[in-house]
Amino acid sequence: MNKNKIKFKNFISLTIAGIVNAFGITVFLAPVKLYDSGISGTSMLLSQITPDYLSLSILLIALNVPLFAIGLKKQGAAFTIYAIYAVAVYSVSAWLITDVLPIDVDMASPLAGQDLLLCALFGGIISGIGSGIAIRSGGAMDGMEVMAVIFAKKLGITVGTFVMIYNVILYVLCGVILNNWILPLYSIVTYYAGLKTIDFIVEGFDRAKSAMIITSKADEICAKLSEEFGTGMTTMKGVGGYLKQEKTVIYFVINRFQIGKLRDIVHEIDRTAYITITEVADVFKQNK
C-alpha cells in the first residue's frame, strides 16, 4: 500500500478532529488562560502577549504549517496534507467560536466557569480526543510532534521525552512571563489528561494482551485454547538456555478478561509451563 495515497474519508475524520480540538481549547482552556501543550500551547501564550491581530487562529497556522512542511520528507506527502488540513480546520473553528458564534469565552468557560480544575480536565480530555482522532486518521494536530520525530533520535532521547522537555520549558516560560505559577501548574493537568486521552483514542480503551507460553505440551495446549477461545495462535521452536531442552513457544492474543482462563487451561495441561503476558497497543488483521 502506498503510504502517500490520499483517502477522502480521512478528511471527514480530520474535520471532526479539528472542530473537537478547537472546542476543547476555546471553551475550556483559553477563557481561563490555561495552556495546551506543544505548538498549540505556544500559540495560546503568544496570542496573550502579542497585538490583537495576532490571534490564536493566525498563530496556529503560522507556527504549525512551516513545521509540517519541514517534516514533508520524513513523514510523507499524505501526512503533511492531512496535518495541515486538520490544523486549518482547528484554526477556522477556533475563530468561529471566539469571534463569530454568540458564545462568550472572554472571561470564563461557558460550561465550567472559573473552575480551573474542571477546565483543565475537560479541556485536556476534549482536545486529546481531537488530537487522537487526527492521529488515527493519518495526520496530526501539532507540529511539535513532527519536530520530535525528526530531532529526538539525533539528540539521543525518545520522542516522548522530547515533547515533555518542550512542554516543561513552555510552562516555565508561561509562569515567568505572566508572573503566575498557578495557571502553568494546572496546565500540566491539562497536558496529562490530553496525553492519556490520546493514548486511549489511538490505542483503544481495552488494549489486547499477548501471551507467550513456553511448554513441552504445545499440541494439547493449542487444541484446548483453540476450542475455548475460537482463535488461532502461532508456535515457534525454542531451546532452553540452561538445560538445552527443546520447547515450543506459543504466541496467543487475548483480552484482559481471558487471562485467568488461559492460565488455568495451560497449567491444567502443563504445570511447568512458563507464561508471560504483555500489553499490545493495537492488533491488525488482514482479511482474505
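Up top you'll find the structure we're talking about.
Now for a look at the structure at hand. (Residues numbered from 1 in each chain as written. Predicted model: local features only at pLDDT ≥ 70, side-chain atom pairs only at ≥ 80, totals over all residues. Heavy atoms only, no water.)

**Observations regarding the pattern of salt bridges**
Part 1 of the reasoning: Scanning all chains against the criterion turns up 3 salt bridges.
Part 2 of the reasoning: In this structure, Lys209 engages Glu279 in a salt bridge whose closest nitrogen and oxygen atoms are separated by 3.3 Å. Of this pair, Lys209 sits in strand β1 (residues 208–215) while Glu279 sits in strand β4 (residues 274–280), and the two are 70 residues apart along the sequence.
Part 3 of the reasoning: Residue Lys209 is classed as buried on the basis of its relative accessible area, which comes to 17%.
Part 4 of the reasoning: Among the residues examined, Glu279 registers a relative accessible area of 46% and is labelled partly exposed.
Part 5 of the reasoning: Put simply, Lys224 and Glu228 hold a salt bridge, and the shortest N to O gap is 3.6 Å. Of this pair, Lys224 and Glu228 both sit in helix α10 (residues 218–229), 4 residues apart, roughly one helical turn.
Part 6 of the reasoning: Residue classification places Lys224 among the partly exposed positions, given a relative accessible area of 30%.
Part 7 of the reasoning: Under the relative-accessibility criterion, Glu228 is labelled partly exposed at 30%.
Part 8 of the reasoning: Within the structure, one salt-bridge network assembled from shared partners comprises Lys224, Glu228 and Lys261. (Salt bridge = Lys/Arg side-chain N within 4 Å of Asp/Glu carboxyl O. Helix = DSSP H or I, 4+ residues; strand = E, 2+ residues; numbered from the N terminus. Buried < 20%, exposed > 50% of the residue type's maximum accessible area, 1.4 Å probe, protein only.)

**Re the nonpolar core**
Part 1 of the reasoning: Ranked by size, the top nonpolar core spans 48 residues in total, and within it Leu34, Phe68 and Met147 carry the most contacts.
Part 2 of the reasoning: Within the residue set of this core, elements represented by two or more residues are α1 (8–29), α2 (38–49), α3 (56–70), α5 (77–100), α6 (116–136), α7 (143–155), α8 (159–178) and α9 (182–203).
Part 3 of the reasoning: Broken down by element, the residue count for this core peaks at 9 residues, all from α5.
Part 4 of the reasoning: When residues no more than four places from it in sequence are discounted, the contact partners of Leu34 are Leu29, Met44, Leu116, Cys119, Ala120, Leu183, Tyr186, Ser187 and Thr190.
Part 5 of the reasoning: Membership of the second largest hydrophobic core comes to 15 residues, among which are Ile213, Leu225, Leu262 and Ala273. (Core = buried A, V, L, I, M, F, W, Y, C linked by side-chain atoms within 4.5 Å. Contact = heavy atoms within 4.5 Å.)

**Some details on the layout of surface pockets**
Part 1 of the reasoning: By volume, the largest pocket amounts to about 1,100 Å³.
Part 2 of the reasoning: Listing elements by their share of the lining of the largest pocket, those giving two or more residues are α1, α2, α5, α6, α7, α8 and α9.
Part 3 of the reasoning: Looking at the lining of the largest pocket element by element, the count peaks at 8 residues for α9.
Part 4 of the reasoning: For the lining of the largest pocket, the class distribution of residues is 17 nonpolar, 18 polar and 10 charged.
Part 5 of the reasoning: In this structure, the second largest pocket encloses a volume near 520 Å³.
Part 6 of the reasoning: In terms of lining residues, the second largest pocket is bounded by 18 residues, among which Ala30, Ser47, Leu56, Thr98 and Asp106 are the most central.
Part 7 of the reasoning: Mapped by element, the contributors of at least two residues to the lining of the second largest pocket are α2, α3 and α5. (1 Å grid on protein atoms, 1.4 Å probe; cavity = no way out; pocket = protein on both sides within 12 Å on 5 of 7 lines; lining within 4 Å. Points joined across faces, edges and corners; volume = space filled by probe spheres on them. Nonpolar A, V, L, I, M, F, W, Y, C, P; charged D, E, K, R; others polar.)

**Section: α6**
Part 1 of the reasoning: Spanning 21 residues, α6 covers 30 Å between terminal C-alpha atoms, matching the ideal 30 Å at 1.5 Å per step.
Part 2 of the reasoning: With a side-chain oxygen positioned 3.1 Å from the backbone nitrogen of Leu117, the residue opening α6 is Asp115.
Part 3 of the reasoning: Note on α6: the residue one or two positions beyond its end, Gly138, has a positive phi of about 95°. (Expected span 1.5 Å × (residues − 1). Polar contact = N/O pair within 3.5 Å; in protein donor to acceptor, adjacent residues only side chain to side chain.)

**A word on the side chain of Ser40**
Part 1 of the reasoning: Note that Ser40 resides in helix α2.
Part 2 of the reasoning: Given the relative accessible area of 2%, Ser40 is considered buried.

**What about the packing of α10 against helix α11 (residues 259–269)?**
Relative orientation and spacing of two packed helices are given, respectively, by the angle between their axes and the distance between those axes.
Part 1 of the reasoning: Interaxial distance between α10 and α11 falls to 10 Å at its minimum, and their mutual angle equals 150°. Taken as axis vectors, α10 and α11 run roughly antiparallel relative to one another. Read as a crossing pair, α10 and α11 show a hand that is right-handed. Contacts between α10 and α11 involve Glu220, Ile221, Lys224, Leu225, Glu228 and Phe229 from the former and Lys261, Leu262, Ile265, Val266 and Ile269 from the latter.
Part 2 of the reasoning: Class assignment for the residues of the contact of α10 with α11 results in 7 nonpolar, no polar and 4 charged. (Axes fitted to C-alpha atoms, helices over the stretch in contact; angles between N-to-C directions. Parallel < 35°, antiparallel > 145°, perpendicular 65-115°, else oblique. Left-handed = near helix turned anticlockwise from the far one by under 90°.)

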